[in-house]
Structures are given as structure tokens and as C-alpha cells.
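So you can see what is in the structure, the chains are spelled out below.
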Amino acid sequence: MKIAVAGCTGRMGLTVVKAVLARDDMTLVAGSRPTGFDNEAAKAQLVLADCHGLSVTSDPKELMAEADALIDFTYPEVTLSHAEAVAEKGAIHIIGTTGFTGGQQKRLETLSEKATIVQAGNFSLGVNLLAQLVEQAAKMLDENYDIEINEVHHRHKKDAPSGTALLLGRAAARGRGVKLEEKKAVDRSGERKLGDIGFSVQRAGGVVGIHDVTLAGENEMITLSHQGFNRKIFADGSLTAALWAKDKKPGLYSMRDVLALS
Ligand code: NAD
């Protein structure tokens, strides 16, 4: 399978580049970077990853010229510009980028009529298993158990709450048979409403990602927790998704589909 990597010198982009180079069932064919980006710095990072022969471009069409699949952990507007080129080719788009607005998400849905898109707020096996456990716990414990989701990420993260926290919130809402949009509590001033699904956020140092989901009753509390030690968990999950998508029809899929979780 021929892989292109969007934002190939970013934190996740470079991790994906290294993960592809370490496999023999995939070939790295191209990477993208922003226009005006310091070319020498980009080259230096790619030399470190031992792929200085890689074709690096700012043009999404050129990026997709040879590729079967694009792995994309960038920014929402960048992912959308790349998504147009992927759809035009009818190729595979693995989207790890988070923080899309409602309008941007709708555009991705439209483009998924032509492209096979797998989109996930978190590509790690552990977090997707955690989401299953959260759904089950939320189903078994009624509204008298308050659900709170706390997340910690590195100081450079742009969106909040994280895509993973929202993914866990949606799992809790599914368990409760409610819509997250109607129960999501982000502004924490005032008294807690019964049935709210609350979010709290910390941004600190170099933390790759910590997510805790607490279900607290009057006299007892359960906490389900996940910690990522290394970004490789997301890169490996995104490559598993790309292989899975190979024989799938165009559409918008999630890691739940890839991992065959109910
Ligand atoms: P980052 O800022 O290190 O990387 C983004 C890269 O995109 C940068 O290298 C930047 O130069 C590049 N870029 C900007 N404009 C571009 C353009 N026009 N063309 C090509 N490249 C361009 O960020 P990061 O920490 O790697 O995170 C990226 C995204 O991935 C965020 O939304 C983050 O929340 C998300 N993320 C998702 C998961 C997951 O499992 N779904 C895991 C980790 C991070």
C-alpha cells in the first residue's frame, strides 16, 4: 500500500513517517508541508527520520499523485484542503485531526461520497476499548452517578476539550441513551445539573494524553483511565485503519468500524 503523510514534519506526522518506514507492507511515497515553511528545518527533520529521499510538497494534488492512502494529523482547514484532493482521486483518507466546526464536519461527510474516510478522535486501541467500557458503565449506572471526563495534554494543543474526551463523552451518552450535545457541560460555574456529562481540561508540559472518566455516586466512585506514553499508539492505529479501508466502499467510518466494536 502506498502511503502519503499530511504535515509530515509535525509531531504526529513525523511519528507516522517513522511508523510507515518500519513496516514492509507499506511504502512511503510523499509528504506535505505548508507553503513558506522553512525548507531546511523540514529537511533536517526528515533526514533524522531517515527518509530524505521523500517527495515533500505543499500541493495536495501532487501529494496524492501516487498514493493509495493519506494519513492526516494536521489542522481542520488543512485536512479539508487535502480531503478535496483525496476525494477527487477516490482514495483513502485517514483523519486524526481534531477540532472541526459543524460546517467543516458536514463538508467531510459530503466528500465521503467519493473517498473512503476513517475519522477518529483517537486511533489507539486502548482508548477505543476504554470507550466501550465507559458506554457499558454509563448504561449500568443511572443519572445519580455523575459522569465527569478529565483530560491532560501538552502545552501546544490547540483544541479543547480534546477529540478523545469528546469521543469518551459520546460513548457515555450512548450508554445513557442521550445526545452529548444536550448534556455536555464545559462551563462549570453554578450547580451541577442531574444527567450532565462534565468536561475539565488541563494543558501542561509534554503530556501525550491522559483521560479519566469518573462515575461518582453519593457514596462511591469509579474511575476508568487511559494514559498514552508515546504517539506511536496513534500512528500504529491509523495504519491499521488504512489497511482495513483498502477494500471498503466510499463512506465515513470510525475506529469502532475498524475494530469491529458494536
Ligand atoms: P503539529 O502542529 O505538530 O502538526 C501539524 C503539522 O501540520 C505541522 O507540522 C504543520 O507544519 C503542518 N501543516 C500546517 N499547514 C499545512 C499545510 N497547508 N499543508 C501541509 N501541512 C501543514 O500537531 P500534532 O500534535 O501533530 O497534532 C495534529 C492534530 O492531530 C491535532 O488536531 C491533534 O489534536 C490531533 N491528534 C489526534 C490523535 C488521534 O489519535 N486522533 C492523536 C494525536 C493528535
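Residues numbered from 1 in each chain as written. Predicted model: local features only at pLDDT ≥ 70, side-chain atom pairs only at ≥ 80, totals over all residues. Heavy atoms only, no water.

Turning our attention to the pairing of strand S6 (residues 116-119). Of the two faces of S6, the one lined by Thr116 and Val118 and the one lined by Ile117 and Gln119 are each fully buried. Two elements, strand S5 (residues 92-95) and S6, share 4 bridges in a ladder whose sense is parallel. Bridge assignment links Ile95 to a residue of S6, and that residue is Gln119. Read as a crossover between parallel neighbours, the route from S5 over helix H5 (residues 102-111) to S6 is right-handed. Bridging between S6 and strand S12 (residues 251-253) involves 3 bridges; their strand directions are parallel. Among the inter-strand pairings, Val118 is bridged to a residue of S12, identified as Tyr253. (Buried < 20%, exposed > 50% of the residue type's maximum accessible area, 1.4 Å probe, protein only. Helix = DSSP H or I, 4+ residues; strand = E, 2+ residues; numbered from the N terminus. Pairing = 2+ DSSP bridges. Right-handed = clockwise from strand over helix to strand, strands pointing away.)

This paragraph deals with the site of the ligand. Neighbouring the ligand are 24 residues; Arg11, Met12, Tyr75, Thr98 and Lys157 lie closest to it. The separation between an oxygen atom of the ligand and a polar main-chain atom of Gly10 is 3.1 Å. Within the backbone of Thr74, one N or O atom sits 3.4 Å away from an oxygen atom of the ligand. When the ligand sits alone it has 870 Å² of accessible area, and the protein chains cover 84% of it. Breaking the shell around the ligand down by element, the ones donating at least two residues are helix H1 (11-21) and helix H4 (76-89). When grouped by side-chain class, the residues that make up the shell around the ligand number 9 nonpolar, 11 polar and 4 charged. (Near = heavy atom within 4 Å. Polar contact = N/O pair within 3.5 Å; in protein donor to acceptor, adjacent residues only side chain to side chain. Areas by Shrake-Rupley, 256 points an atom, 1.4 Å probe, with all protein chains shown as cover. Nonpolar A, V, L, I, M, F, W, Y, C, P; charged D, E, K, R; others polar.)

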